[in-house]
Amino acid sequence: MSKTAPQPWTRKHLLALEELSAGEINYVLETARSFAEVSTRSIKKVPALRGRVVVNLFFEDSTRTRTSFSLAASRLSADVIDFSARGSSVSKGETLIDTARNIEAMGVDIIVLRHPAAGAAHLLSRHVRCSVINAGDGAHEHPTQGLLDIYTIRQHFGRVEGLKVAIVGDIANSRVARSNLWGLRKLGAEVILVGPPTLLPRAFERLGARVVHNFDEVIGEVDVINMLRVQFERIQSSQFPSVGEFTGLFGLTRERFRRCKKDVFIMHPGPMNRGIEICSEIADGPHSGILTQVSNGLAIRMAVLYLVSQACERERAAGEAAAAVRHERPRPADRKHHP
Amino acid sequence: MQRFHDETGVRKGVEALAADIAAAFAPDAPLNIIGIRTRGEVLAQRIASLLQQRGYSKIARGVLDITFYRDDFPKNGPGRAILPTELNLELDDKPLLLVDDVLFTGRSTRAALNALIDFGRPSVIRLAVLVDRGGRELPIAADFVAYTMKDVPPSYRVSVHFVETDGADEIVIEPR
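Here's a quick rundown of the structure. Owing to the predicted nature of the structure, the values given are computational and were not obtained by experimental measurement. (Residues numbered from 1 in each chain as written. Chains lettered and ligands numbered in written order. Predicted model: local features only at pLDDT ≥ 70, side-chain atom pairs only at ≥ 80, totals over all residues.)

**Some points on the overall build of chain B**
Turning to step 1, where the next piece is worked out: Within chain B one finds 4 helices and 8 strands.
Turning to step 2, where the next piece is worked out: Helices (α) and strands (β) of chain B occur, in sequence order from the N terminus, as β-α-β-α-β-β-α-β-β-β-α-β.
Turning to step 3, where the next piece is worked out: For 176 residues, the compact-globule estimate of 2.2 N^0.38 gives 16 Å, and the C-alpha radius of gyration of chain B, at 15 Å, lies within 12% of that figure.
Turning to step 4, where the next piece is worked out: The principal-axis extent of the C-alpha atoms belonging to chain B is close to 45 × 35 × 30 Å.
Turning to step 5, where the next piece is worked out: Across the 176 residues of chain B, 39% fall into the buried class.
Turning to step 6, where the next piece is worked out: In chain B, 68% of the contacts between residues at least 6 apart in sequence involve partners at least 24 apart. (Helix = DSSP H or I, 4+ residues; strand = E, 2+ residues; numbered from the N terminus. Rg over C-alpha atoms; globule rule 2.2 N^0.38 Å. Buried ≥ 20, exposed ≤ 12 C-beta atoms within 10 Å, placed from the backbone. Contact = placed C-beta atoms within 7 Å.)

Right under this line is the structure:
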């Protein structure tokens, strides 16, 4: 457990872990425990978001995150709409904001946005009245992935504070690395970023991370190793020598695994390139938390959907109350009721 | 804040409840006792241990968090983080005693009933409360009541405090 007490949630959007306090992060993690319990029931559904509409607005491919958000929304009894940029009016030139406003006009309560541009969720949140959840914006942040990684670590070790967490691979292009870095630092873990200089600029030191270009230098001292996917679609050829060389220097191979701490915990946000950044034996082995991450992702997303929706609701209620006060007029005492 | 009952009053109330419940359920038959978080959980625990002293041997206990089932959250939602429901017991075809501290509008009870039905099909569900303060908004009544308070204005809050959760056993009335 982290020392920081959970702090009640008041945000109608979840855009980035950078802007959350340790108390807010702990509040989401605590709330997620209750939703994890819902998933153990025979009827895996609660009416918490009954009558609400959640739209998955995805401008990039995704299997896990989209499915996880859809299932999370269904377990809360919300209605879910899936919107892919492919085959939509986006290909006819519609802007993100116009697309989102049109969808919002259909009565949507929460937009879950994935977009290739960093800052897309922030931009959208300023132009719509409903809640916005960032499901990945370019190389910027993927807050629910960060939260579920931290939840999984906390569940495994019983704490986050004081742990040494290595995040390995293509850091420069990774929103998962950034969200993990912010969240883990706030909860008092030490974050060691590992990767080749072309994919791991020194600038990350300013965000409070230790930057290491030699995996073997730290492999024996870390409690958690989070292996990132090599994002071939984002990497320019000049940043990356060859797959073989990458695996040799930064892959979690059998040989390298032997030099890890005995109780090391292995994570990967998926989808995995088996044999490139991680070998199958380790990914499927007893030290791996990879599938637990996926199950926990569901609980985290239920918690986030629930919390932003409650905050949005409270904001609306407060607005209505303020409007009612403005319009209140003294009634004539003898006013007659119409039959 | 006006104190309606002190430690002795709370103890007597719980004992009276346990006696009434004992008269309605056989000691050798299974009985599930489920408290509504937070004060209902403590009350359920106390009732269960009194019944066990009376020889009830097949009591199973559980805790229900009804937040996801409320119709008035976020207005009246808990200031605390939601905690997991703990119902690791078999509900089907067994009597269930639902326990809450104060019965007011009946909306918490409604939420609890909805939640319970998602977990199974008890043979009967009975409701035990320490205080019935009137003011019902739904057609719900308690089967076991220790104290009935009449004409408490809705602008007042009736609270049961327990040592475990609040540092003292008492029943108090205070303006909202």
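From this point, the discussion proceeds with the structure in view.
**As for the interface of chain A and chain B**
Turning to step 1, where the next piece is worked out: With 17 residues of chain A at the interface, the matching set in chain B holds 15 residues.
Turning to step 2, where the next piece is worked out: Contributing elements (two or more residues each) for the side of chain A that touches chain B: helix 1 (22-38) and helix 11 (290-327) of chain A.
Turning to step 3, where the next piece is worked out: Grouping the amino acids of the side of chain A that touches chain B by side-chain chemistry returns 8 nonpolar, 3 polar and 6 charged. (Nonpolar A, V, L, I, M, F, W, Y, C, P; charged D, E, K, R; others polar.)

**Concerning the nonpolar core**
Turning to step 1, where the next piece is worked out: Of all hydrophobic cores here, the largest spans 145 residues; its most connected members are Ile111 and Leu305 of chain A together with Ile47 of chain B.
Turning to step 2, where the next piece is worked out: Counting residues domain by domain, this core receives three or more from each of domain 1 (22-142 + 297-323) and domain 2 (143-292) of chain A.
Turning to step 3, where the next piece is worked out: Look past the residues within four positions of Ile111 of chain A in its chain and what remains in contact with it is Val55, Leu57, Ala100, Ile103, Leu124, Val128, Cys130 and Val132 of chain A. (Core = buried A, V, L, I, M, F, W, Y, C linked by C-beta atoms within 7 Å. Domains from an automatic or database assignment.)

**Examining unusual backbone geometry**
Turning to step 1, where the next piece is worked out: Following Gly270 of chain A, the chain continues into Pro271 of chain A via a peptide bond in cis, with omega recorded as -10°.
Turning to step 2, where the next piece is worked out: Here the amide bond leading from Arg37 of chain B into Thr38 of chain B is cis, since omega sits at 10°, within 30 degrees of zero.
Turning to step 3, where the next piece is worked out: Relative to the helices and strands, Thr38 of chain B is located in the loop between strand 2 (31-36) and helix 2 (39-53).
Turning to step 4, where the next piece is worked out: A positive phi angle, close to 70°, is found at Ser77 of chain A, a residue other than glycine.
Turning to step 5, where the next piece is worked out: Of note, Ser77 of chain A is situated in the loop between helix 2 (64-75) and strand 2 (79-84).
Turning to step 6, where the next piece is worked out: Here Asp151 of chain B, not a glycine, exhibits a phi torsion of approximately 60°, which is positive.
Turning to step 7, where the next piece is worked out: Mapped onto the secondary structure, Asp151 of chain B falls in the loop between strand 6 (144-148) and strand 7 (156-161).

**Description of the sheet that holds strand 5 (residues 125-132) of chain B**
Sheet strands pair via backbone hydrogen bonds, and the direction of the pair is either parallel or antiparallel.
Residue and element names in this part refer to chain B.
Turning to step 1, where the next piece is worked out: Spatially, 3-2-4-5-6 is the arrangement adopted by the 5 strands of the open sheet, whose pairing is parallel. Every other strand in the sheet has two partners, leaving strand 3 (59-64) and strand 6 as the edge strands with one partner each. Between one strand and the next, the sheet's axes are offset by a mean angle of 20°, whatever the strand orientation.
Turning to step 2, where the next piece is worked out: The sheet contact formed by strand 4 (residues 96-103) and strand 5 spans 7 bridges and is parallel. Opposite Leu98, over in strand 5, you have Leu127 as the bridge partner.
Turning to step 3, where the next piece is worked out: Strand contacts of helix 2: strand 2, strand 3, strand 4 and strand 5, with the helix running at about 150° to strand 2, the strand carrying the most contacts. (Pairing = 2+ DSSP bridges. Axes fitted to C-alpha atoms, helices over the stretch in contact; angles between N-to-C directions.)

**What to know about the packing of helix 1 of chain A against helix 11 of chain A**
Residue and element names in this part refer to chain A.
Turning to step 1, where the next piece is worked out: Packing of helix 1 against helix 11 brings their axes to within 8 Å, and their N-to-C directions diverge by 115°. Judged by the angle between their axes, helix 1 and helix 11 are roughly perpendicular. Of the two elements, helix 1 crosses helix 11, and the hand of that crossing is right-handed. Where helix 1 approaches helix 11, its residues Val28, Thr31, Ala32, Phe35 and Ala36 are matched on the opposing element by Ala299, Ile300, Met302, Ala303, Val304, Tyr306 and Leu307. (Parallel < 35°, antiparallel > 145°, perpendicular 65-115°, else oblique. Left-handed = near helix turned anticlockwise from the far one by under 90°.)

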